[in-house]
Amino acid sequence: KEKDEKKAVFRKFESYKSDAKLPKEVKNLRNVGFSSRQITVDQKAESIICPIYGLAVPFHISTLKNASKSDEGEFVILRLNFLTPGQAGSKKEDMPFDDINATFVRALTYRSSDVSRMAEVYKNIMDLKKNAAKRSTDLSIVEAERKEMAD
Amino acid sequence: MGDSEKFEYENIYYGLEPEVGRLRLTAGGIGWKTPESARQNVVFATEFRKLHWLRVARNHQLRVTVKDGGVHKFDGFKKEDFEDIRDIVKTLYKMPLEPKEMSVKGWNWGKTEFQGSHLLFNVTNREMFELPLTQAIGSNKPGKNEVTINFVDPGQPVVGSNKDVDELVDITFYIPGTVPKEADEEEGAVRGEG
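Note that this is a predicted model, so its numbers are computed, not measured. (Residues numbered from 1 in each chain as written. Chains lettered and ligands numbered in written order. Predicted model: local features only at pLDDT ≥ 70, side-chain atom pairs only at ≥ 80, totals over all residues. Heavy atoms only, no water.)

(A) Representation of the overall build of chain B. What chain B contains, in helices and strands, is two helices and 14 strands. Sorting the 194 residues of chain B into buried and exposed places 47% on the buried side. Long-range pairs, those at least 24 residues apart, make up 36% of the contacts in chain B between residues at least 6 apart in sequence. On chain B, roughly 10,400 Å² of surface is accessible, and the fraction owed to carbon and sulfur atoms is 48%. (Helix = DSSP H or I, 4+ residues; strand = E, 2+ residues; numbered from the N terminus. Buried < 20%, exposed > 50% of the residue type's maximum accessible area, 1.4 Å probe, protein only. Contact = heavy atoms within 4.5 Å. Areas by Shrake-Rupley, 256 points an atom, 1.4 Å probe, with all protein chains shown as cover.)

Written out as structure tokens, the structure is:
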């Protein structure tokens, strides 16, 4: 059916193949790896590693809807909003999930008193998002061209 | 086998404690103690139900689930410690050390499950993270099908202010299912916000 064809295709993605592939813990963000208590951006795996009660939890950039940063007194608040069903204004192709009846993590809010480090984390997240969006557009163009040629 | 046998590991964390201590495994159980502040914890072998080995933020973890459902976590082991600890717990407690694979797919959809006072988030049957609900300070419903759990009051100062720590203030889940399925399929996107 025509209608079905318009449905978003779940393009499978994976941050890491196994937990052994997670970067090693390091003390500082600027080294390669992550800190157990800090948000870290792994450019290579296109993922944001979030500290959640002792675990290093990756979220692939494809799941991120947007991020925002705000100053509140001596703190920086970083909010990560993730793509879920039921979001107003989200395009169909913006739905990279294979199960709409699952439970979704929709948002995480962190606070930190390290203003400059959080600014860097935020910038890295936005860069990652921009690059991922660009790549996805390139892919769509390639697919559209291929389809045109097939027709 | 002598009951006096003991095995020790240095630089091990207990739970979310910031300090490292020495872990000691004996036939009687597992003990942990910091060198200076003398913080300590003992789990008796008679209470053991399951022993797991998993990758965590602070390297690898020996996780002890006890009979009342409580969980004790010892972090900071090296990957290579696995075989030694597996043999030690086999000798001392006649129990297997079960490796537990965590989900590192990076997906934000899965299933939640309550286990004791923890809320687990599982992705394709593997744990992705868990939230200790005893640490929660509140919860609310910011929108239809949404639940937020608050862990930190953003207005409050950090306890022992530390620049190295990014604190999880809150987490919001989107839980479909209370909206009729047909509406979901007809409209494509249900307006859950606003």
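So that's the structure; there's more coming.
(B) Up close: the packing of aromatic side chains. The full count for this structure, using the stated rule, is 15 aromatic pairs over all chains. Each ring, one from Phe13 of chain A and one from Trp107 of chain B, has its centre 6.4 Å from the other, and the planes form 65°; the classification is edge-to-face. Taken together, the residues Phe13 of chain A in the loop between α1 (2–5) and β1 (40–42) and Trp107 of chain B in the loop between β8 (97–100) and β9 (109–115) connect one chain to another. In this pair, the class of Phe13 of chain A matches that of Trp107 of chain B, namely buried. Between Phe48 of chain B and Tyr93 of chain B the ring centres are 4.9 Å apart and the planes differ by 75°, which places this aromatic pair in the edge-to-face class. You can see Phe48 of chain B sitting in strand β5 (residues 48–56) and its partner Tyr93 of chain B sitting in helix α1 (residues 81–93), a full 45 residues away along the chain. You'll find Phe48 of chain B and Tyr93 of chain B in the same group, each marked buried. Grouping aromatic residues by their ring pairs yields a cluster made of Phe13 and Phe104 of chain A together with Trp107, Trp109 and Tyr174 of chain B. Lying over the aromatic face of Phe75 of chain A, Arg111 of chain A brings its terminal NZ or CZ to 4.1 Å of the ring centre. The ring of Tyr13 of chain B has Arg58 of chain B lying over it, and the distance from NZ or CZ to the ring centre is 3.7 Å. (Phe/Tyr/Trp six-rings, centres within 6.5 Å; stacked < 30°, edge-to-face > 60°. Lys NZ or Arg CZ within 6 Å of the ring centre and 35° of its normal.)

(C) Molecular detail of the nonpolar core. In terms of nonpolar packing, the biggest core is built from 45 residues, with Phe59 of chain A together with Phe129 and Leu131 of chain B touching the most fellow members. Among the elements that make up this core, the one with the highest residue count is helix α2 (residues 115–150) of chain A (five residues). Counting residues in each nonpolar core, the second largest holds 25 residues, with Leu51, Trp53, Phe77 and Val89 of chain B among its members. (Core = buried A, V, L, I, M, F, W, Y, C linked by side-chain atoms within 4.5 Å.)

(D) The arrangement of the environment of Arg24 of chain B in detail. All names here are of chain B. With respect to the helices and strands, Arg24 occurs in strand β2 (residues 20–26). For the pair formed by Arg24 and Glu8, sequence separation is 16 residues and the distance between their alpha carbons is 4.5 Å. The contact partners of Arg24, leaving out residues within four places of it in the chain, are Lys6, Phe7, Glu8, Gly29, Ile30 and Gly31. A distance of 2.6 Å separates a polar atom in the side chain of Arg24 from a polar atom in the side chain of Glu8. (Polar contact = N/O pair within 3.5 Å; in protein donor to acceptor, adjacent residues only side chain to side chain.)

(E) Molecular detail of the sheet that holds strand β3 (residues 29–33) of chain B. Residue and element names in this part refer to chain B. Pairing is mixed in the open sheet, where eight strands are placed in the order β4-β3-β2-β1-β7-β6-β5-β8. Both outer strands of the open sheet, β4 (40–44) and β8, are each paired with one neighbouring strand and no more. Taken pair by pair, the neighbouring strands of this sheet meet at an average axis angle of 30°, ignoring direction. With two bridges connecting them, strand β1 (residues 6–14) and strand β7 (residues 71–77) associate as antiparallel partners. Bridge pairing in β7 places Tyr14 opposite Phe74. (Pairing = 2+ DSSP bridges. Axes fitted to C-alpha atoms, helices over the stretch in contact; angles between N-to-C directions.)

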